[in-house]
Amino acid sequence: MTAPALLPLSGRRLPPLNLGASSFPHHRATLRLSEKFILLLILSAFITLCFGAFFFLPDSSKHKRFDLGLEDVLIPHVDTSKGGKNLGSFLIHGQGHDEHRHREEEERLRNKIRADHEKALEEAKEKLKKSRDEIQAEIQTEKNKVVQELKKKDSKPLPPVPLPNLIGINSGEPADPDIQEKRNKIKEMMKHAWDNYKQYGWGHNELKPIARKGHSTNIFGNSQMGATIVDALDTLYIMGLHDEFREGQEWIDKNLDFSVNSEVSVFEVNIRFIGGLLAAYYLSGQEVFKIKAVQLAGKLLPAFSTPTGIPWAMVNLKSGVGRNWGWASAGSSILAEFGTLHMEFVHLSYLTGDPVYYNKVMHIRKLLQKMDRPNGLYPNYLNPRTGRWGQHHTSVGGLGDSFYEYLLKAWLMSDKMDTEARKMYDDAIEAIEKHLIRKSNGGLTFIGEWKNGHLERKMGHLTCFAGGMFALGADGSRDDKAGHYLQLGAEIAHTCHESYDRTTLKLGPEAFKFDGGVEAVAVRQNEKYYILRPEVIETYWYMWRFTHDPKYRQWGWEATQAIDKYCRVSGGFSGVKDVYSSSPAYDDVQQSFFLAETLKYLYLLFSNDDLLPLDNWVFNTEAHPLPVLHLANTTLSGNPAYR
């Protein structure tokens, strides 16, 4: 799905910067002037202005006066004696007036200034009679009016677009009572996660379920953007939790604001926020989600202002200034980040009629097609200034993963018309099979990582999504190899299940080795954690959809029980720090992707196939379903505003 969390090389979570009020104690103290004193300052300035105008008005008898009335205008004299119009001579109208009228006008103006001055003094006296709280309330009311006006300006109407044929939104009820009971259990877990977030972390990006307070990381910047709300919306909808869905919609409508001075991850905000808002729009038809998605997308566009058009990893939503992660190979952009924008940006162009989003992602594709690839592999790092690869590190896990996923899904989302994307996917998978996929001594198929000409025999939890990807891409593969890729998907699913089964908690570690006698087991302490990740369950679901082998539901239920037993706390769900310990410590974070992905894939695993059928829906890398666009070609001609 994304780059690994908690590690320094992370496309997800780095420790948040603490720039709280305590960092600036003196600055805050000096600003605590009373509102009354400020009002008096403003008043004194106003009075000075009034008296200045009163005493220093120019005398009209000494200075030329310009009047917009009709008294002193030049009126052309029209001579029609010869049947034509002669504009050569002018008559001056009003020259016979003496200066008496000018003095009257001046006196009237002086009287008006006196009256305004007295009125201002009376208003000031009334203000000063009010309490501090009343004055603050009035100031806040005025602020709110300004904010609402700004929101109205941002909420430009979008062109009407015919919605794709949306199938399988409110179905999937299993007939088997046992399967139905398991599905209901997963729905109850979702309710537990949501209710606690609402009670203890509402509006914050994520939840600390043990400390019972909000949590955030630097991928969301320093603002409260309600990441869990946006990420969870479509899961709530397909589970039929419509009251909770409406709560989230109301918060988004009133509080989700992107005009904040906050530096965010372009990749994470795209897959979670834009993906989540678009999915919520397609499922519910509520315009607010589309409008918010388009507003946010506009804030991300400055990230593409690089010499190559490869976007920065981060962008400030207010200033538009971008930069890359300091740890990423000499200031490089990351393949899985700039390569995981296509689905959302194509839908943005479809919904708005604006080709700018489509053009941005197609420019990235064209640039990548021109570049040499070592051994046919895409390195994880690309410098956005020079357009050259960084260090030659290739991974189907963190830093690379969803780039390959989006090549396949671009083809599927285009109703299989984007053959260019399919070719890039097939070429990449052939190179991956040749150089990265191996079998262990114990017969487990795994996907290693290529580092500087050497294969590292280690596989990350993130890489486990690839089993589902191989199955999803089997149909339409070259040389009638559909059966081969479905089998490869099954082998990856088996390996990843082993990584779960060989732990004490029956939950998988962050990464596991295949060295010597050690197979599918984490060796380092900092790779033994489980942070509620979805990738293994994602692969179970895809394999279930394509094979209906009951073992995938069995494995999914094992994972459900383990999560409920070891990760559930009274305040929500938490990750654990060591899956090999019988009494592990909690990390005290309820990740937003737990609600967006892990619980959604489990719910779909125990639902019928008519809920979000794969012929009609394609899931982004955060499990947000977007409809297939049945278009004549990849230029999005289905949108009348786009033609």
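Whatever comes next refers back to the structure up there.
The structure displayed is predicted, hence computed values, not measured ones.

(A) Fine view of the environment of Lys600. Looking at where Lys600 falls in the secondary structure, it is placed in helix H19 (residues 592-605). Judged by relative accessible area, Lys600 falls into the buried class, the value being 0%. Through-space distance from the C-alpha of Lys600 to that of Ile186 is 8.7 Å; in sequence the pair is 414 residues apart. Not counting the four nearest positions on each side in its chain, Lys600 is found in contact with Asp234, Thr235, Ile238, Leu595, Phe619, Ala623 and His624.

(B) Representation of the sheet that holds strand E10 (residues 393-394) in the model. The antiparallel open sheet is built from three strands, whose spatial order is E10-E13-E14. Every interior strand has two partners, whereas the edge strands, E10 and strand E14 (454-456), have only one. When strand E13 (residues 449-451) meets E14, the two strands line up antiparallel, connected through three bridges. Among the inter-strand pairings, Trp450 is bridged to a residue of E14, identified as Leu455.

(C) Focus on the pairing of strand E16 (residues 511-515). For E16, a buried count of four out of five residues is recorded, marking the element as mostly surrounded by other parts of the structure. Across three bridges, the pairing between strand E15 (residues 458-460) and E16 is antiparallel. Bridge assignment links Met459 to a residue of E16, and that residue is Phe512.

(D) Main features of the packing of aromatic side chains. What the rule picks out here adds up to 26 aromatic pairs. A centroid spacing of 5.6 Å and a plane angle of 85 degrees characterise the contact between Trp194 and Trp202, whose relative ring orientation is edge-to-face. According to the relative accessible area criterion, Trp202 is partly exposed, its value standing at 29%. Arranged with centres 5.5 Å apart and planes meeting at 85 degrees, the rings of Tyr552 and Trp555 form a pair that is edge-to-face. Of the two residues, Tyr552 and Trp555 are both situated in helix H18 (residues 551-566); the distance of three residues between them amounts to about one turn of the helix. Residue Tyr552 is classed as buried on the basis of its relative accessible area of 2%. Here Trp555 falls in the buried class, since its relative accessible area comes to 9%. Through a chain of ring-to-ring contacts, the aromatic side chains of Tyr378, Trp389, Phe403 and Tyr404 assemble into a single cluster.

(E) Fine view of the packing of helix H5 (residues 177-200) against helix H6 (residues 227-238). Where H5 contacts H6, the two axes come as close as 12 Å, and the packing angle between them is 150 degrees. The angle between H5 and H6 falls in the class roughly antiparallel. For the pair H5 and H6, the sense of crossing is left-handed. In this structure, H5 contributes Met190, Trp194 and Tyr197 to the contact, and H6 contributes Thr228, Ile229, Ala232, Thr235 and Leu236. Within the contact of H5 with H6, the residues separate by chemical class into six nonpolar, two polar and no charged.

Conventions we followed
For every chain, the first residue of the written sequence is number 1, and numbering continues from 1 along that sequence. Totals for whole chains, interfaces and linings use every residue, but because this is a predicted model, local features are given only for residues with pLDDT of at least 70 and side-chain atom pairs only at 80 or more, for both listing and counting. Computation of side-chain values covers all heavy atoms of the structure but excludes hydrogens and water. Put simply, DSSP marks the helices as runs of H or I at least four residues long and the strands as runs of E at least two long, and each gets a number from the N terminus on. Accessible area is worked out with a 1.4 Å probe on protein chains only. A residue is then buried under 20% of its type maximum, exposed over 50%, and partly exposed in between. Residues are treated as being in contact if the distance between any of their heavy atoms lies within 4.5 Å. Strand pairing is defined by DSSP finding a minimum of two bridges between the two strands. When the centres of two rings from Phe, Tyr and Trp lie within 6.5 Å, Trp using its six-membered ring, the rings pair. Their planes under 30 degrees apart give stacked, over 60 give edge-to-face, and anything left gives tilted. Between the N-to-C directions of two axes lies an angle of 0 to 180 degrees, each axis being a line fitted to C-alpha atoms and, for a helix, fitted only over the stretch in contact. In this scheme, roughly parallel covers angles under 35 degrees and roughly antiparallel covers those over 145, while 65 to 115 is roughly perpendicular and the rest are oblique. Each crossing is labelled by how the near helix is turned from the far one, with a counterclockwise turn of less than a right angle marking it left-handed and a clockwise turn marking it right-handed. When residues are sorted by character, Ala, Val, Leu, Ile, Met, Phe, Trp, Tyr, Cys and Pro go into the nonpolar class, Asp, Glu, Lys and Arg into the charged class, and all the rest, Gly among them, into the polar class.

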